[in-house]
Every structure is written in structure tokens, then in C-alpha cells.
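Here are the chains, one letter per residue:
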Amino acid sequence: MAEQSTQALPGDAELLAALERAVDEVFTSMVCTFEALAEHGSAVPALERGSARESFDREAVVEFRGAISGQVVFRCTASGAHDIARGLLLLDDSTALAVDEVNDALKECANMVTGHVKTQVLDPLGRFDLSIPFLKDVSAQPPGPACGSLVYRLQQGLVSVELWRRDGPLGN
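Residues numbered from 1 in each chain as written. Predicted model: local features only at pLDDT ≥ 70, side-chain atom pairs only at ≥ 80, totals over all residues. Heavy atoms only, no water.

Turning our eyes to something else, we now look at the overall build of the protein chain. Along its length, the protein chain carries three helices and nine strands. When the helices and strands of the protein chain are listed from N to C terminus, the series reads α-β-β-β-β-β-α-α-β-β-β-β. Within the span of the protein chain, comprising 172 residues, buried residues form 49% of the whole. For the protein chain, contacts bridging at least 24 residues in sequence account for 72% of all contacts bridging at least 6. Put simply, the protein chain shows about 8300 Å² of open surface, and 51% of that area lies on carbon and sulfur atoms. (Helix = DSSP H or I, 4+ residues; strand = E, 2+ residues; numbered from the N terminus. Buried < 20%, exposed > 50% of the residue type's maximum accessible area, 1.4 Å probe, protein only. Contact = heavy atoms within 4.5 Å. Areas by Shrake-Rupley, 256 points an atom, 1.4 Å probe, with all protein chains shown as cover.)

Here you go:
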């Protein structure tokens, strides 16, 4: 059995702050499409942009399991997903992308951000395991209460990075 730390579990505010630092680091160093934090708070199903309502239609997830368990979820508009993929792959706006390239880029971003949160906040608490990044239906039920979300305006589109938690280990 893995030994767990007796250190207090981080609260939602601490986890959300770590998530924000992780997104800032990953987007600044790897993706290069980050423009601004558009909204900070509870999970957001969609945002108003101009007069049109934008909805999130792509979702990449990485689960973490240990003293606390949950998910880091990247939810993107279609244009935001392409923007992230182009930034990660160092491609210009005129380059066409295959669906698999976009999906792989989203999963990789979710993986990098979750790895940063794990290293900075979770690892001091004991052993934590991360899942392989996967795509999920945007309309699926969330796994538990949200710590919050960070909604970023990209050069083209939006991305919501959310952290969902559940205290205690998840069942297998």
C-alpha cells in the first residue's frame, strides 16, 4: 500500500491557483496562443462573445488518483481547439489540421497541465497516479464538485480549464 502524507489536503482555492499557474506555464512556453484570462470562477458551460453565444464542443480529460481524486478537463470551442493545436504544433493559421491532430494536441495540453498540478501540489501529499489523457463527450455528467474553472480567450476561440475533485481515492 502506498504511504500517504499526513499533510492537510489542499482546498479548492489552492488547487485552482495551482491550475492557473500550470496553464500559464504550459500556454506561455508551449502553445503560444494564450491571450487573456476571460473569466475565473465556477464551471462555465458557455460564454457570450459579441452577440453570438459560443459553446464548448471538444473536451480532453486527465484523471488523478490518490489522497484526493478528480479530473483536469480542457473544454474548447472548435476554433479554440484548432488554435491550441496550431500553437502546439508550431503551425500558421493557413495550415489545415486533421481531427486526430487537434484531438492529440488537446489531450497533450491536458496532460502537461495536470502533470504540473501533480508535481507542484499533489506529490507532496503522497503517491498520485494520472490517467492517459482521453476525450469525453462534452454533455457528460461531471465527476463531482468543481473547484472552479479558468476560461481563456485565445487568438481564435475559447478554452475552459476546469478542475473537478473528489476527496479520497476513486474506486477501480
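The discussion continues.
Running from amino to carboxyl end, helix 2 (residues 78–88) crosses helix 3 (residues 99–122) at an angle of 80°, the nearest separation of the two axes being 8 Å. Between helix 2 and helix 3, the interaxial angle falls into the category roughly perpendicular. The segment helix 2 lies against helix 3, with Ala81, His82, Ile84, Ala85 and Leu88 engaging Glu101, Val102, Ala105, Leu106, Glu108, Cys109 and Met112. By residue class, the composition of the contact of helix 2 with helix 3 is nine nonpolar, one polar and two charged. (Axes fitted to C-alpha atoms, helices over the stretch in contact; angles between N-to-C directions. Parallel < 35°, antiparallel > 145°, perpendicular 65-115°, else oblique. Nonpolar A, V, L, I, M, F, W, Y, C, P; charged D, E, K, R; others polar.)

Residues Leu19, Phe27, Phe74, Ile84 and Val159 are the most contacted members of the largest nonpolar core, which totals 41 residues. Among the elements that line this core, the one with the most residues is helix 3, at ten residues. Residues within four places of Leu19 in sequence aside, it is in contact with Val72, Val113, Val117, Leu150, Val161, Glu162 and Leu163. (Core = buried A, V, L, I, M, F, W, Y, C linked by side-chain atoms within 4.5 Å.)

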